[in-house]
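A structural walkthrough
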Amino acid sequence: MAETFSVKKYLRDLKLPFCPGCGAFTVMDAFLRAVYELGYEDLSKFVFCSGIGCSSWIPSPYFVADSIHTLHGRSIPVATGVKLMRPDINVVVFGGDGDIVGIGLSHFIHAARRNLDVLVIMVNNMVYGMTGGQVAPTTPFGAKTTTTPYGSFEYPLDAAKLAVTAGANYVARWTTAHRNKMKEAIKKALMLKGFRFIEAVSQCPTAFGRRVGFKNALEMVRWLKENSIPLEQAEKLNEEDLTTKIVVGEFVQRQRPTLTETVSSKIKEAQKNGQN
Amino acid sequence: MGLAKPGVYFWQGNEACAEAAILAGCRFFAGYPITPATEIAEHMARRLPQVGGVVLQMEDELASIGAVIGASWAGAKAMTATSGPGFSLMQESIGYAFMTETPCVIVDVQRAGPSTGQATKCGQGDVMQSRWGTHGDYSAIVLSPNSVQEMFTQTIRAFNLAEKYRTPVILLSDEVVAHMREKVVVPPLEELEIINRRKPKPGDKAFFGFEEVPPMPSIGEGFNVAVTGSTHDEYGIRFTADPLVHRRLVERLNGKIQNHVDEIADMESYSVEDCDVGLVAYGCTSRALYDVVGGAKAKGVTVGYVRLRTLWPFPEKAIKKLAEATDKILVPEMNLRQIFYEVQRAAEGKAKVIPINKIGGGELITPEELLSKILEEAGKSG
């Protein structure tokens, strides 16, 4: 490639809304690099759906593309309607952990079950960042947040494992400390079909990090890196040893028939039978 | 079979709604089973794929209306159907569809509430919810059919209004009208007025303002449309603090409905300029109107009525006219007073507005009960 990559190629000329040190910058960069390296000159073959939360602002309205910034938790249902009526377009959902596996959890499971042809990129910062740092379904056990001032007393949800169980065609988890791996996973996911889920574990220095003892974003990213453990190694450990670890890697890759494939074959059948 | 052929059918109300939707161009339906609306989903599931459309049963009503909104932005006419509990769940997204100017049709087949209430029994308790159910400053278009034929014609009108004004439209039916079977006349296709959303021209960029109803692109057409339920400018860019942008947007969204009440509001009027007793009714309850006119006449009482086909925006002028022509207006409803207060407000004290209410068990206000109340109010009882 003669020209060098620049995110500006894909972005509207607007000031980005993220705090300094936010992991959303890294995820946005990884996604746009993946798109660039796959040879997309622009985003005209994509539509982006997102919900409410900081990471839902990654595509909307910053990407020069069609984007639907939906209600909190409802990006996947909206993406379902979009994809079924326009199977030719790549539908990508961006959302946070609260949006995708908190308020929108049911849609996440059912979309994976249906094998809906969308790529969901969930930026997991382990907290409700936009509202100031409340406990999330992904907050580590014991962590202090504004609504768990004595430490969280709930166990966090493993979204990647859940997606595998529910039936996703592709599932990977990386952190913002694994920029290249994350980009490669996005590239791979964009070339596959069916429900694809990438969990991007990320840092929120503003609403989470400073409350749990990190001085800055860099410390958080280092922590993400040091606490990550590849899936192959994690399989050899017991559950207790893994409670403070972030298991990273590719959780599944398979080729179950996708929703748009099965729906379109049923429509053809109905049209044929309907004519008789 | 493709589209319903012109002719005379004996259909259930819900079936007429589904066939009309297909004729109106609906090609996407998402829903969740709920009595007494389920037959719409079942009928669509069988029929829509035959004309190349998609039906998906979603995990709940939140997802159903979400998928409908997505399909609409993908260029399809789209519909969902539900009843009270599901309608409650959809309210947030109805506000989203209003704010993002997403045409779609929501059918609410009313049953007796609140809560699970009497799931199989008729009620008219969602009238105010259909107007004020979502949060924020909002204007609704709500249609009210009172026969199977009107389940057909008003479903088509619901799509036309949604496309014309780029807004969600609610078809507020009820268990009686949705479950009864009656004759339906399907006119030839060329006689049906079908309205489609106005599309932008190449190079257009303002899809959320400058015009009362801006043109609507679909995703995937190269317009780079940014859709958001947050306050946005004419180009879809978020402005979450600017007072002027918010005022401009929300006043236009309400104005595009409120400024066209005369065109949107539709009603059947009878003897409104010369009557002893006036009546205002809608939906299943209004079916008794046709029976009481003769009975009252026999006792020397002239009945005039306004039968509302559109509940919202409320046709204030027509009600005021009725109030000027008579001293008493009776408002029969299968709820504990909802449209009654609107009639009272619109009557501006020119006539006494009297509620007649009955709830529970799906029991209708019978023509006999209505007639007896009319005669009582006219001083002719006994």
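Every value quoted in this text rests on a predicted model; they were computed, and no experiment measured them.

With that out of the way, let us pick up the overall build of chain A. Looking only at helices and strands, chain A has 10 helices and 10 strands in total. Taking the principal axes of the C-alpha coordinates as reference, chain A spans close to 70 × 45 × 35 Å. For chain A, the proportion of its 276 residues judged to be buried stands at 51%. For chain A, long-range pairs separated by at least 24 residues make up 67% of all intrachain contacts whose partners lie at least 6 apart in sequence.

Before going further, it helps to spend a moment on the nonpolar core. A:Ile121, B:Phe28, B:Val280 and B:Ile329 are the most contacted members of the largest nonpolar core, which has 205 residues in total. Ignoring anything within four residues of it in the chain, the contact list for B:Val280 reads B:Tyr305, B:Val306, B:Leu308, B:Ile319, B:Ile329, B:Val331, B:Ile339 and B:Val343.

Residues and elements named next belong to chain B. Partitioning chain B into structural domains gives domain 1 (7-191) and domain 2 (267-377). For domain 1 and domain 2, the distance between their C-alpha centroids amounts to 26 Å. Elements with a contribution of two residues or more to the side of domain 1 that touches domain 2: β6 (118-122), α5 (127-132), β7 (141-143), β8 (168-174) and α7 (175-179). For the side of domain 1 that touches domain 2, the element with the most residues is α5, which contributes 4 residues. The residue makeup of the side of domain 1 that touches domain 2, split by class, is 11 nonpolar, 9 polar and 4 charged.

Once that is clear, we can look at the interface of chain A and chain B. Taken together, the contact between chain A and chain B spans 32 residues of the former and 40 residues of the latter. Among the elements that take part in the side of chain A that touches chain B, helix α2 (residues 75-85) of chain A stands out by supplying 8 residues, more than any other. Residues that form the side of chain A that touches chain B fall into these classes: 16 nonpolar, 12 polar and 4 charged. Here strand β2 (residues 66-69) of chain A runs beside strand β10 (residues 226-228) of chain B; their pairing, made up of 3 bridges, is parallel. Bridging across to β10(B), A:Ser67 finds its partner in B:Ala226.

The next subject is the sheet that holds strand β8 (residues 196-201) of chain A. Strand order in the open sheet made by the 9 strands is β9(A)-β10(A)-β7(A)-β8(A)-β4(A)-β3(A)-β1(A)-β2(A)-β10(B), with mixed pairing throughout. Each having just a single partner strand, β9 (228-230) of chain A together with β10 of chain B make up the two edges of the open sheet. Within the sheet, the average angular offset between the axes of one strand and its neighbour, ignoring direction, is 20 degrees. Summarising the sheet, strand β1 (residues 46-50) of chain A and strand β3 (residues 90-96) of chain A pair through 5 bridges and their orientation is parallel. The residue bridging A:Val47 from the neighbouring strand is A:Val91, located in β3(A).

Residues and elements named next belong to chain A. Direction vectors running N to C along α2 and helix α4 (residues 105-114) enclose 35 degrees, while the axes themselves pass 8 Å from each other. Listed contacts from α4 to Ile76, Pro77 and Thr80 of α2 are His107, Phe108 and Ala111. Of the residues contributing to the contact of α2 with α4, the split by class is 4 nonpolar, 2 polar and no charged.

For the rest of this paragraph, the subject is helix α7 (residues 217-227) of chain A. Residues and elements named next belong to chain A. Within the span of α7, buried status applies to Ala217, Met220, Val221 and Leu224. Take α7 and look down its axis: the buried residues cluster within an arc of 100 degrees, on one side only. Summarising the geometry of α7, the exposed residues directed more than 90 degrees from the buried face are Leu218 and Glu226.

Thresholds, definitions, all that
Residues numbered from 1 in each chain as written. Chains lettered and ligands numbered in written order. Predicted model: local features only at pLDDT ≥ 70, side-chain atom pairs only at ≥ 80, totals over all residues. Helix = DSSP H or I, 4+ residues; strand = E, 2+ residues; numbered from the N terminus. Buried ≥ 20, exposed ≤ 12 C-beta atoms within 10 Å, placed from the backbone. Contact = placed C-beta atoms within 7 Å. Core = buried A, V, L, I, M, F, W, Y, C linked by C-beta atoms within 7 Å. Domains from an automatic or database assignment. Nonpolar A, V, L, I, M, F, W, Y, C, P; charged D, E, K, R; others polar. Pairing = 2+ DSSP bridges. Axes fitted to C-alpha atoms, helices over the stretch in contact; angles between N-to-C directions. Arc of directions from axis to C-beta.

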